[in-house]
Amino acid sequence: MENKIIKQISLFSENKPGRLANIADKFRDAGVNIRAFTIAEAGDFGIIRMVVDNPDLAHEVLHETGFTVSETNVLGVQMEDVPGGLAKIADVLGKENINIDYAYAFVTKTEKALLILRVNDIKTAVNALERNDIKLIDMRDIEGI
């Protein structure tokens, strides 16, 4: 099951112009590629969550730059890029009483969409999704996007 879990990098940053540019510059210089990200505003600060091709290096770069950084286990779920693609996944998880804490998605080059999920019970979620023939991606897949 460990190979079905993706490491997500989360950091707190002041909600000021140029902060995201600073992070992106540091990643560019280190050769870290951002595959997906979301920003949640919380007043004077924001929470940036991202999936990158090298989470260990990203964590190190951000920590050395002075950011408060954490890693979270999330799932990467491949879904059809059609109406109802999300409904199928949400239905499977709902029937298993699995709560989705947050999610963000993007479309890939393969005409599939990728949904990043943080759930309250990752092991049960993996089992339920696989039983329903829903493809989970791993860190190798993230590197290849």
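Rules of the game
- Residues numbered from 1 in each chain as written.
- Predicted model: local features only at pLDDT ≥ 70, side-chain atom pairs only at ≥ 80, totals over all residues.
- Heavy atoms only, no water.
- Salt bridge = Lys/Arg side-chain N within 4 Å of Asp/Glu carboxyl O.
- Helix = DSSP H or I, 4+ residues; strand = E, 2+ residues; numbered from the N terminus.
- Buried < 20%, exposed > 50% of the residue type's maximum accessible area, 1.4 Å probe, protein only.
- pLDDT = per-residue confidence, 0-100.
- Contact = heavy atoms within 4.5 Å.
- Phe/Tyr/Trp six-rings, centres within 6.5 Å; stacked < 30°, edge-to-face > 60°.
- Lys NZ or Arg CZ within 6 Å of the ring centre and 35° of its normal.
- Core = buried A, V, L, I, M, F, W, Y, C linked by side-chain atoms within 4.5 Å.
- Axes fitted to C-alpha atoms, helices over the stretch in contact; angles between N-to-C directions.
- Parallel < 35°, antiparallel > 145°, perpendicular 65-115°, else oblique.
- Left-handed = near helix turned anticlockwise from the far one by under 90°.

Time to look at the pattern of salt bridges. Applying the stated rule across the entire model yields 10 salt bridges. One salt bridge in this structure joins K4 and E130, with 3.8 Å as the shortest N-O distance. With a gap of 126 residues between them, K4 in the segment before β1 (5-14) and E130 in helix α4 (residues 122-131) connect regions that are remote in the sequence. Relative accessible area serves as the criterion here: at 21%, K4 is assigned to the partly exposed category. Three or more residues are tied together by salt bridges with common partners; here these are K7, D56 and E71.

Summing up the model confidence of the chain, the mean pLDDT is 90 and the portion of residues at 70 or higher is 98%. For the chain, helix α5 (residues 139-144) is the element with the lowest average pLDDT, namely 78, and helix α3 (residues 85-95) is the one with the highest, namely 95.

Moving on: the environment of S70. Checked against the element boundaries, S70 lands in strand β4 (residues 68-80). Look at S70 and you get partly exposed, because its relative accessible area is 31%. Taking the C-alpha atoms as reference points, S70 and S10, 60 residues apart in sequence, are found 5.2 Å from one another. Beyond its immediate sequence surroundings of up to four residues, S70 is in contact with Q8, I9, S10 and H59.

This part covers the packing of aromatic side chains. Taken as a whole and judged by the stated rule, the model has zero aromatic pairs. Its end group placed over the ring of Y102, R49 keeps NZ or CZ at 3.9 Å from the ring centre.

Let us look at the nonpolar core. Among the nonpolar cores identified, the biggest contains 17 residues, and L75, V77, I89, L93, L117, V119 and L129 are the most heavily contacted of them. Of all the secondary-structure elements, those providing two or more residues to this core are β4, α3, β6 (112-119) and α4. Beyond its immediate stretch of four places on either side in the chain, V119 contacts L75, L93, I98, N99, I100, D101 and A125. Counting 13 residues, the second largest nonpolar core, distinct from the first, contains L11, I23, M50 and V61.

This part is about the packing of α3 against α4. The N-to-C vectors of α3 and α4 enclose an angle of 125°; their axes lie 9 Å apart at closest approach. Comparing their axes, α4 and α3 come out oblique. Handedness of the crossing formed by α3 with α4: right-handed. Of α4, the residues touching α3 (which contributes I89, V92 and L93) are A125, A128 and L129.

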